[in-house]
Amino acid sequence: MKTIFYVTIMTCFRVAGTAIIFVSNVLAQSSLFSTAVNYSAGDGPAFVFQADLENDGDKDLVTANINSDNLTVLLNDGNGTFAAPVNYQVGDRPFNVFAADLDGDNDLDLVAPNSLSQNVFVLLNNGNGTFALPENYTAGLDPSAVFLAKIDNDNFLDLAVTNLGTNDVSVLINNSNGTFAAAVNYSVGNAPNAIFSADYDNDNDFDLAVTNFNSDDVSILLNTGIGTFEAAVNYSVGNGPNAIFALDYDIDGDIDLAVTNYESDNASLIFNNGNGTFGAAVNYPVGNGPDGVFSADYDNDGDKDLAVANDLSDNVSILFNNGVGVFGVADNYGTAARPFDVSSADFDGDGDLDLATANFASDDVSILMNLTNDDDDDDGVLDELDNCPLVANSGQENTDGIGTGDACCCVGIRGDANSDSTVNPNILDLNYLVNYIFRNGPPPGCPKEGNANSQGTETANIIDLNFLVNRIFRNGPLPGPC
């Protein structure tokens with residue numbers, strides 16, 4: 001697992017009789033995810049869903065945009081970059097979107113619940129990632145989220161919709177052609193706002209799990225086997241449960257639940273007893289205002305981790321699974337403004353799982369690429385194992401035994417004492433040399449890169465230190481080339 005942490009270094013030394021103190025945060029390890037790249041969506045995107053909408057083998061994105069009353073489709077160019085947005089009008093205030101094959105023609109259609117128009121819109125795919133005009137179906141009052149599953153055990157996907165205003169779930173059975181029968185409603189808790197369907201009691205049909213924001217619990221509705229449901233059983237979680245994801249987190253063969261709690265700033269794990277009943281919640285701190293949640297194996301170790309979008313802290317928290325359903329302290333990665341939701345897929349085709357967030361306040365989607373399988377210099381050695389990740393050196397030669405491999409020695413210019421490949425020396429290089437010269441710290445990764453003044457000595461000394469101070473603080477000359 002790659003994490004990111006910082007070490008504070010305080011340095012004090014004298015140049016020309018003046019004491020200079022530097023305090024800096026030095027990046028000590030690499031990040032699991034890249035810096036976010038943002039793509040425009042509609043106005044107020046509240047939810048993002050990944051799916052192969054144009055049948056070309058890569059994962060596209062679709063957002064539900066509350067303020068512009070539409071869906072935005074972002075088609076993947078095949079390398080993890082996305083084409084210009086295409087918008088499709090739906091009803092009034094769509095909070096959610098789901099993609100699946102509703103009419104049995106092997107392409108993925110779209111479904112969006114519209115909270116103020118009290119209906120669900122269905123947009124059938126034309127087969128190429130564009131969509132026909134929507135059909136709409138009546139749900140309950142203030143429908144907020146939708147999930148598609150084979151509820152009546154035929155070969156077609158049915159709809160389950162949460163209704164915030166009536167505290168129930170509407171189930172609409174597919175007529176086997178992408179149209180739907182009238183809704184049948186089932187009571188749940190107070191203010192249901194998210195839903196996930198899976199086989200919770202191991203009887204080979206699809207049950208429902210629903211988060212209830214105002215009653216701080218999750219309702220479990222077990223399927224009778226014919227597409228109807230037993231009365232809800234409720235399980236307490238944190239305060240203001242807002243999103244849900246179901247997987248086998250403790251690898252015991254049954255489906256558990258992960259829930260984000262908006263008002264208590266944590267995520268709850270509730271583990272299945274094996275029969276569709278659940279134990280007490282175990283809570284893990286995340287960011288501020290956790291909203292969306294997605295689960296996948298982000299560090300490629302065989303178990304399912306969690307990604308949580310934190311609305312009020314503008315970041316995503318990653319919680320890594322230790323293999324038995326226990327999660328570590330969250331690693332946080334920045335996004336654009338107010339991420340309401342998060343989804344994951346291998347957007348760039350390199351075999352690891354990337355992140356996408358829907359950012360409500362900045363009207364865009366943030367893409368954060370997973371760096372686990374990155375090989376930037378294409379030498380067959382992954383960056384995290386490469387002693388010189390920016391210059392090809394498949395043999396990993398390191399004849400001087402110092403830090404980076406031979407291929408990296410003085411790749412840029414002299415003065416890059418900490419070997420971070422920055423062209424212009426900076427305070428980090430200065431701190432590095434101070435630590436080396438006065439505190440017996442590690443030498444520069446390649447000796448010539450510490451030789452800032454280009455005088456031919458390969459061991460950095462006080463003259464190189466003065467040279468860097470003059471460059472950084474007095475706009476003196478750049479160090480010469482290697």
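A short tour of the structure in this document, coming up.

1. Some thoughts on the sheet that holds strand β20 (residues 241-247)
Here we have four strands laid out as an open sheet, ordered β20-β21-β22-β23, and antiparallel in their pairing. In this open sheet, the two strands that pair with only one neighbour each are β20 and β23 (282-285). Going across the sheet, the axis of each strand differs from the next one's by a mean of 20°, ignoring polarity. By the bridge criterion, five bridges tie strand β21 (residues 256-261) to strand β22 (residues 266-270) in an arrangement that is antiparallel. Within β22, the position partnered with Val259 by the bridge is Ser268.

2. Let's talk about the packing of aromatic side chains
Taken as a whole and assessed by the stated rule, the structure comprises 17 aromatic pairs. Measuring from ring centre to ring centre gives 5.9 Å for Phe33 and Tyr298, while their planes differ by 70°; the resulting arrangement is edge-to-face. A residue pair is termed long-range when its members are at least 10 positions apart, and Phe33 in the loop between β2 (18-27) and β3 (37-40) and Tyr298 in the loop between β24 (290-296) and β25 (305-310) qualify at 265 residues. Here Phe33 matches Tyr298 in class, with each residue buried. Ring centres of Phe147 and Phe196 lie 4.7 Å apart, and the angle between their planes is 45°; this geometry places the pair in the tilted category. Here Phe147 is found in strand β12 (residues 143-149), whereas its partner Phe196 is found in strand β16 (residues 192-198), with 49 residues between them in sequence.

3. Remarks on the packing of helix α1 (residues 427-439) against helix α3 (residues 462-474)
It is at 10 Å that the axes of α1 and α3 come closest, and there the two elements cross at 160°. Of the possible angle classes, the one that applies to α1 and α3 is roughly antiparallel. Taken as a pair, α1 and α3 cross one another with a handedness that is left-handed. The segment α1 lies against α3, with Ile427, Asp429, Leu430, Leu433, Val434, Ile437 and Phe438 engaging Ile462, Asp464, Leu465, Leu468, Val469, Ile472 and Phe473.

4. Looking at unusual backbone geometry
The residue Asn202 is not glycine, and still its phi comes out positive at about 60°. Counting through the fold element by element, Asn202 comes out in the loop between β16 and β17 (207-212). At Asp314, a position not held by glycine, the phi torsion is positive, near 55°. Tracing the sequence through the fold places Asp314 in the loop between β25 and β26 (315-319). Taking the relative accessible area as the measure of exposure, Asp314 reaches 32% and is therefore partly exposed.

5. Some remarks on the pattern of salt bridges
Summed over all chains, the structure comprises one salt bridge. Here Arg338 ties to Asp311 by a salt bridge, and the two come within 2.7 Å at their closest N and O atoms. Linking Arg338 in the loop between β27 (331-334) and β28 (339-345) with Asp311 in the loop between β25 and β26, this pair joins segments that are 27 residues apart in sequence. On the basis of relative accessible area, Arg338 is assigned to the partly exposed category, the value being 30%. Judged by its relative accessible area of 2%, Asp311 falls in the buried class.

6. Some words on the nonpolar core
Grouped together as the largest cluster of nonpolar side chains are 90 residues, with contacts concentrated most on Leu71, Leu110, Leu257, Tyr298, Ile318 and Leu355. In terms of residues, this core owes the most to one element, β12, which gives five residues. Aside from chain neighbours lying at most four places away, what touches Leu110 is Leu53, Val62, Leu71, Val73, Phe98, Ala99, Phe121, Val122, Leu123 and Phe131. Counting 13 residues, the second largest nonpolar core, distinct from the first, contains Phe82, Ala356, Ile367 and Met369.

7. Regarding the side chain of Asn272
Mapped onto the elements, Asn272 comes out in the loop between β22 and β23. What makes Asn272 buried here is its relative accessible area of 4%.

8. What about the pairing of strand β29 (residues 354-359)?
Both faces of the sheet carry side chains from a regular strand, because those side chains alternate between them. Most of β29 sits out of view: six of its six residues are buried. Across the two faces of β29 the burial is the same, with Asp354, Ala356 and Ala358 and Leu355, Thr357 and Asn359 all buried. Pairing analysis gives six bridges linking β28 to β29, with the strands arranged antiparallel. The residue bridging Ser343 from the neighbouring strand is Ala356, located in β29. Across five bridges, the pairing between β29 and strand β30 (residues 364-368) is antiparallel. Bridged to Ala358 within β30 is Val365.

9. Brief notes about the environment of Gln89
Here Gln89 lies in strand β7 (residues 86-89). Once the C-alpha coordinates of Gln89 and Asp69 are considered, the two residues, 20 residues apart in sequence, prove to be 6.2 Å apart. Not counting chain neighbours up to four residues away, the residues in contact with Gln89 comprise Ser68, Asp69, Asn70 and Pro134. Within the local environment of Gln89, its side chain forms a polar contact with the backbone oxygen of Ser68, the two atoms lying 3.1 Å apart. Separated by 3.0 Å, the side chain of Gln89 and the backbone oxygen of Asp69 make a polar contact.

10. Examining the sheet that holds β24
Read from one edge to the other, the open sheet built from four strands follows the order β24-β25-β26-β27, with strand pairing classed as antiparallel. Whereas interior strands pair on both sides, the edge strands pair on one side only; in this sheet they are β24 and β27. Each strand axis lies, on average, 25° off the axis of its neighbour in the sheet, ignoring direction. With four bridges connecting them, β26 and β27 associate as antiparallel partners. The partner of Ser317 across the bridge, within β27, is Asn332.

Rules used in this analysis
- Residues numbered from 1 in each chain as written.
- Predicted model: local features only at pLDDT ≥ 70, side-chain atom pairs only at ≥ 80, totals over all residues.
- Heavy atoms only, no water.
- Pairing = 2+ DSSP bridges.
- Helix = DSSP H or I, 4+ residues; strand = E, 2+ residues; numbered from the N terminus.
- Axes fitted to C-alpha atoms, helices over the stretch in contact; angles between N-to-C directions.
- Phe/Tyr/Trp six-rings, centres within 6.5 Å; stacked < 30°, edge-to-face > 60°.
- Buried < 20%, exposed > 50% of the residue type's maximum accessible area, 1.4 Å probe, protein only.
- Parallel < 35°, antiparallel > 145°, perpendicular 65-115°, else oblique.
- Left-handed = near helix turned anticlockwise from the far one by under 90°.
- Contact = heavy atoms within 4.5 Å.
- Salt bridge = Lys/Arg side-chain N within 4 Å of Asp/Glu carboxyl O.
- Core = buried A, V, L, I, M, F, W, Y, C linked by side-chain atoms within 4.5 Å.
- Polar contact = N/O pair within 3.5 Å; in protein donor to acceptor, adjacent residues only side chain to side chain.

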